[in-house]
Amino acid sequence: MTVRDTVAGKMGVSRSRMPELWRSRLQGAGIGYACGLLGQLASHALLVRPAEITSIWIPGGLIMAFLICRPLRLWPFLLSGFVLGGVCAFVLRSGMIAIPLLGYLWLSACMAAGAATIKLVPGQVTMFPSISHLVKFFLFVVVGVSCACSSGFIGVVALIRDDVSLPRLWMLSTTAFAVGFMFVTPLVVDLLRSRFPPWRDIRKQVIGFALFSIALWVLSILAWNAVPSNLSSVPLALFAPIPLLMVAAFQFGRFGPSVGLIVAFLPAIVVAIKLDKVDTFEIGLVNSYIMQLWTLAAGVLVHALSIQARQRNDILQRLSVASEQNKSLAARLMQSQEEQSIRISRELHDGVNQKLTFFSIALSALRLRSPPELHPAIEELTTGIRGLIDEVRDISHSLHPAVLEHAGIAGAIDELVRVIEGKWGGEIALRFDVDPDADALEGEGALCVYRVAQEAIRNAIQHSGARGMKIMLLARSNRWRLRVSDNGRGFTTDDANARSGLGLLSMRERVNSANGRLHIRSRPGLGTSVTVEMRA
C-alpha cells in the first residue's frame, strides 16, 4: 500500500465521520436553544411583580443537567444555543437584545464552571450516588453558582433600573437560581442516564406515584387556601407535604425526590406568587422568599433520605444475592457430600465387604485343613472378621441408606431405629402416623428428613446423655413432619446458636436448601426436641 493510499483512507474515514460530528453539534445547539427559550418563557410565567423576578429560574436547571451529562466538546454548542434561546425569549417578551445577551453570557460562564466541578464520571448512572455527591452539588452549584449568577444579574439590572432594592433583589434572585438547580437538574440528569424498563414492570409504581401526586396536590391546595397570607402562618402550610415527600423518597426510586418536590412545591410557589402580587413591594415578598428557602431545605432533606433508602435497598439486595449464593453453595456442597458418601458406601459394600467375606470363607476352609490346636485361633479370627463385616455394612448403610429408595422414609427410619436399638442401651419409642393417601416424600426431601433423624439421634446418644427417645413421623396430604425428642440434659438455644457445631449447622443448611422448616427446642435439664417439616 502506498503513502497516497494510506492518506486517502484516512481522509475517507475522516470525511465519513464529519456528518456524524456535525449532527451531534447541531443537536447540542438545538437542545441548548430549547432549554433557553422554553425554560425562560416558563420562568417569565412565574414572575413576581413589581420586582419582576421569577421564583424559580428553569433554564439554568435544564442546561446545567445537559452540561453535566454531555461531553466537553459539545459544551460550546450547548451554551451557544442556550444563549440564543434565552435572548429570543426576552425579545418575544420585551424586545430587549443587548441586556439579555450580556446577562446570558455571564450566566453561561458561571454554569460551565459549576458543571465542570460536578461532571459525572463514566459509569455513574444517578446524580447523587452518595451523600458526598449531594453535598458537593449543593455547595458548588446550588450555593456557589447561584451566588455568582445572581451577582451578574444584579449588575445587569443596575444598568437599566434604579427603583429597586438591589440587596433584596440579590437575595430573591439567588434563591431563584438555587431552586431551579435543586428542582430541575437532578431530575433531568436521572432521566438522561436512565433506561426505562417495560411498562408492565413499572405499571404499579407509576399508578401509585400518580395517586400520590394527586393527593399531594389536593393537600397543598387545601393548605394554601386555608392559611392566610402572613409570616406566622405560612410555615404551617409548608409542613403539609413533608410526610408524602418522605414516602416519595423511600418508595419511588431515584426519580421520587425530584418529581415529589416539583409536585409538592410547584402549586405552593404559584400560590405564593399570587399572594405576593397583592402585597406591597416594601414588605419584601415574604411568601415567595419563605417558599424558596423552604424548598431548598426540603430538597436537600428528601434527596438525602432517598440516598439512604437507595443505599439500604442496595445493601439488602446484595445480602439477598449473597444469601441465595450461600444457599446454592451449601446445596451443592451437600449434594457433593452425598455423592461422595454413595461412592464410599458402594466401595465399602462391593469392595471391602466382599474381600472380608472372602477372607472369612478362606479362614473357614483353612480351619478344616488345619490341626485341631489351631482351631480356636482361626475361629477367633473368623469371628473378628464377621464382626468387622457387620461394622462395615453399618457404616455403608449410614453413608447411603439404600433402603430409603426401596422402602421409603418410614421404612428407612424404622431400620435406623432397629440398628441403633441393637447397639444402644436406652429405649426408643417409635410411632408412625402416616395417612395412606398422603403424597410420598421422595428425593431430596426424604433424604433431608432421614439425615436430620440421624443427626438428632446421634446428638442425643453422644452429647446429651439421654436414656430414652421418642420419634414420631406424621404425614397429612403433602405435609410431612418428623420429631425426635430425648430426655437428656438439654442446652440453652441462644448459646447453641452462638457456637453452633457442625451437626446443628448442617441440619439447618440441609433443611433450608430443601425448602423445609427446622425447629429446635431445648432447656437445660429438660431434654431436646428436634422437628423438621417438609412438603412432598
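A brief structural summary.

### Digging into the overall build of the protein chain
Line of reasoning, step 1. Counting its secondary structure elements, the protein chain contains 16 helices and seven strands.
Line of reasoning, step 2. Counting the 536 residues in the protein chain, one finds 42% classified as buried.
Line of reasoning, step 3. A separation threshold of at least 6 residues defines the contact pool for the protein chain, and within that pool the share at least 24 residues apart is 72%.

### Topic: a nonpolar patch on the surface
Line of reasoning, step 1. On the surface, a cluster of nonpolar side chains totalling about 340 Å² of accessible area is made up of Ile131, Val135, Leu139 and Phe140.
Line of reasoning, step 2. Considering the arrangement of structural elements, one finds Leu139 in helix 5 (residues 131-160).

### A word on helix 13 (residues 402-423)
Line of reasoning, step 1. Given a rise of 1.5 Å per residue, 22 residues ought to cover 32 Å, yet the end C-alpha atoms of helix 13 are separated by just 21 Å, more than 12% below that figure.
Line of reasoning, step 2. Gly408 marks the point of greatest bend in helix 13, at about 130°.

### Considering the environment of Gly81
Line of reasoning, step 1. Inspection of the secondary structure puts Gly81 in helix 3 (residues 75-94).
Line of reasoning, step 2. Look at Gly81 and you get buried, because its relative accessible area is 7%.
Line of reasoning, step 3. Considered as a pair, Gly81 and Leu26 are 55 residues apart in the sequence and their alpha carbons are 9.2 Å apart.
Line of reasoning, step 4. Apart from the residues within four sequence positions on either side, Gly81 is in contact with Ala29, Gly32 and Tyr33.

### Topic: the nonpolar core
Line of reasoning, step 1. Counting 49 residues, the largest nonpolar core has Met111 and Phe181 as the members making the most contacts within it.
Line of reasoning, step 2. Within the residue set of this core, elements represented by two or more residues are helix 1 (3-45), helix 2 (58-69), helix 3, helix 4 (98-117), helix 5, helix 6 (166-192) and helix 11 (286-369).
Line of reasoning, step 3. Considering each element in turn, this core owes the most residues, nine residues, to helix 6.
Line of reasoning, step 4. Every residue in contact with Met111, bar those within four places of it in the chain, is listed here: Trp57, Gly60, Ile63, Met64, Leu67, Phe82, Val145, Cys149 and Phe181.
Line of reasoning, step 5. Counting 37 residues, the second largest nonpolar core, distinct from the first, contains Ala438, Ala456, Val484 and Ile520.

### Side note on the side chain of Arg451
Line of reasoning, step 1. One can find Arg451 in helix 14 (residues 443-462).
Line of reasoning, step 2. Judged by relative accessible area, Arg451 falls into the buried class, the value being 11%.
Line of reasoning, step 3. A distance of 2.7 Å separates the side chain of Arg451 from the side chain of Gln454, its partner in a polar contact.

### Side note on the sheet that holds strand 5 (residues 479-486)
Line of reasoning, step 1. Strand order in this open sheet of five strands is 3-4-5-7-6, and the pairing throughout is mixed. Each edge of the sheet is formed by a strand with only one pairing partner; in this case those strands are strand 3 (427-434) and strand 6 (517-522). Put simply, the sheet's adjacent strands are angled 10° from each other on average, direction ignored.
Line of reasoning, step 2. Taken together, the eight bridges between strand 5 and strand 7 (residues 528-535) define a ladder with antiparallel strand orientation. Paired with Arg479 across the two strands is Arg535, which belongs to strand 7.
Line of reasoning, step 3. Against the sheet, helix 14 contacts strand 4 (468-476), strand 5, strand 6 and strand 7, and its axis sits at roughly 175° relative to strand 7.

### Let's talk about the packing of helix 13 against helix 14
Line of reasoning, step 1. Relative orientation of the contacting elements helix 13 and helix 14 amounts to 5°, with a least axis distance of 10 Å. If you check the angle between helix 13 and helix 14, you find them roughly parallel. For the pair formed by helix 13 and helix 14, the contact residues are Leu404, Ile409, Ala412, Ile413, Leu416 and Ile420 on the first element and Ala446, Leu447, Val449, Tyr450, Ala453, Gln454, Ile457 and Ile461 on the second.
Line of reasoning, step 2. Here the residues of the contact of helix 13 with helix 14 sort into 13 nonpolar, one polar and no charged.

### Focus: unusual backbone geometry
Line of reasoning, step 1. Here the phi dihedral of Ser477 falls at roughly 55°; this positive angle occurs in a residue that is not glycine.
Line of reasoning, step 2. Judged by its relative accessible area of 47%, Ser477 falls in the partly exposed class.

### As for the pattern of salt bridges
Line of reasoning, step 1. Summed over all chains, the structure comprises five salt bridges.
Line of reasoning, step 2. Close ionic contact of Glu533 with Arg481 constitutes a salt bridge, the shortest N to O distance being 3.4 Å. One end of the pair, Glu533, is in strand 7; the other, Arg481, is in strand 5, with 52 residues separating them in the sequence.

### Some details on the packing of aromatic side chains
Line of reasoning, step 1. The final tally for this structure, using the stated rule, is seven aromatic pairs.
Line of reasoning, step 2. Judged by centre distance (6.4 Å) and plane angle (80°), the rings of Phe153 and Phe177 are edge-to-face. Of this pair, Phe153 sits in helix 5 while Phe177 sits in helix 6, and the two are 24 residues apart along the sequence.
Line of reasoning, step 3. Looking at Phe153, the relative accessible area reads 26%, which means it is partly exposed.
Line of reasoning, step 4. Taken together, the aromatic side chains of Trp57, Phe82, Phe90, Tyr104, Phe153 and Phe177 make up a single cluster linked through ring pairs.
Line of reasoning, step 5. The cationic tip of Arg25 hangs over the ring face of Trp22; the distance from NZ or CZ to the ring centre is 4.8 Å.

### What about the packing of helix 2 against helix 4?
Line of reasoning, step 1. Closest axis-to-axis distance for the helix 2/helix 4 pair is 10 Å, and the angle between their directions is 45°. Relative to helix 4, helix 2 is oriented oblique. As for how helix 2 packs across helix 4, the hand of that crossing is right-handed. Residue-level contacts link Pro59, Gly60, Ile63, Met64, Leu67 and Ile68 of helix 2 to Tyr104, Met111, Ala112 and Ala115 of helix 4.
Line of reasoning, step 2. Taken together, the residues of the contact of helix 2 with helix 4 sort by class into nine nonpolar, one polar and no charged.

The rules we used
Within any chain, residue numbers begin from 1 and follow the written order of that chain's sequence. It should be noted that, the model being predicted, local features are given only for residues of pLDDT at least 70 and side-chain atom pairs only at 80 or more, the latter also being counted only at that level, while totals for whole chains, interfaces and linings use all residues. Derived side-chain values reflect all non-hydrogen atoms in the structure, with water molecules and hydrogen atoms excluded from consideration. For the purposes of this entry, the term helix denotes a DSSP run of H or I that reaches at least four residues, the term strand denotes a run of E that reaches at least two, and both are numbered from the N terminus. Relative accessibility decides the category of a residue: with a 1.4 Å probe and only protein chains considered, values under 20% of the type maximum give buried, values over 50% give exposed, and everything between is partly exposed. Any pair of residues with heavy atoms lying within 4.5 Å of one another is described as a contacting pair. Like-charged residues are merged into a patch within 9 Å and nonpolar side chains (Val, Leu, Ile, Met, Phe, Trp, Tyr) within 5 Å, provided each residue has over 30% relative accessible area and no salt bridge. Each accessible area value is a Shrake-Rupley result obtained with a 1.4 Å probe; residue values ignore everything except the protein chains displayed when judging cover. Salt bridge criterion: a side-chain nitrogen from Lys or Arg within 4 Å of a carboxyl oxygen from Asp or Glu. Residue count minus one, scaled by 1.5 Å, sets the expected span of a helix. Bend at a residue means the angle formed by two fitted axes: the first through the 7 residues ending at that position, the second through the 7 residues beginning there. Note on terminology: a nonpolar core comprises buried Ala, Val, Leu, Ile, Met, Phe, Trp, Tyr and Cys residues joined through side-chain atoms within 4.5 Å. Polar contacts here mean pairs of N or O atoms no more than 3.5 Å apart (in protein, one a potential hydrogen donor and the other a potential acceptor; neighbouring residues in sequence count only if both atoms are side-chain atoms). Should DSSP find at least two bridges between two strands, the strands are regarded as paired. Lines are fitted to the C-alpha atoms to define the axes, a helix being fitted only along its stretch in contact, and any angle between axes, read from their N-to-C directions, falls within 0 to 180 degrees. The cut-offs work like this: below 35 degrees is roughly parallel, past 145 is roughly antiparallel, 65 to 115 is roughly perpendicular, and the gaps in between are oblique. The residue classification treats Ala, Val, Leu, Ile, Met, Phe, Trp, Tyr, Cys and Pro as nonpolar and Asp, Glu, Lys and Arg as charged. All others, Gly included, are polar. In this scheme Phe, Tyr and Trp rings, the latter by its six-membered ring, pair at centre separations within 6.5 Å, and the angle between planes marks the pair as stacked below 30 degrees, edge-to-face above 60, and tilted otherwise. Only Lys NZ and Arg CZ are tested; either one counts as a charge over a ring when it is within 6 Å of the ring centre and within 35 degrees of the ring normal. Here is the rule for handedness: rotate from the far helix to the near one, and if that takes an anticlockwise turn smaller than a right angle the crossing is left-handed, while a clockwise turn gives right-handed.

Keep in mind these numbers describe shape, not what the thing actually does.
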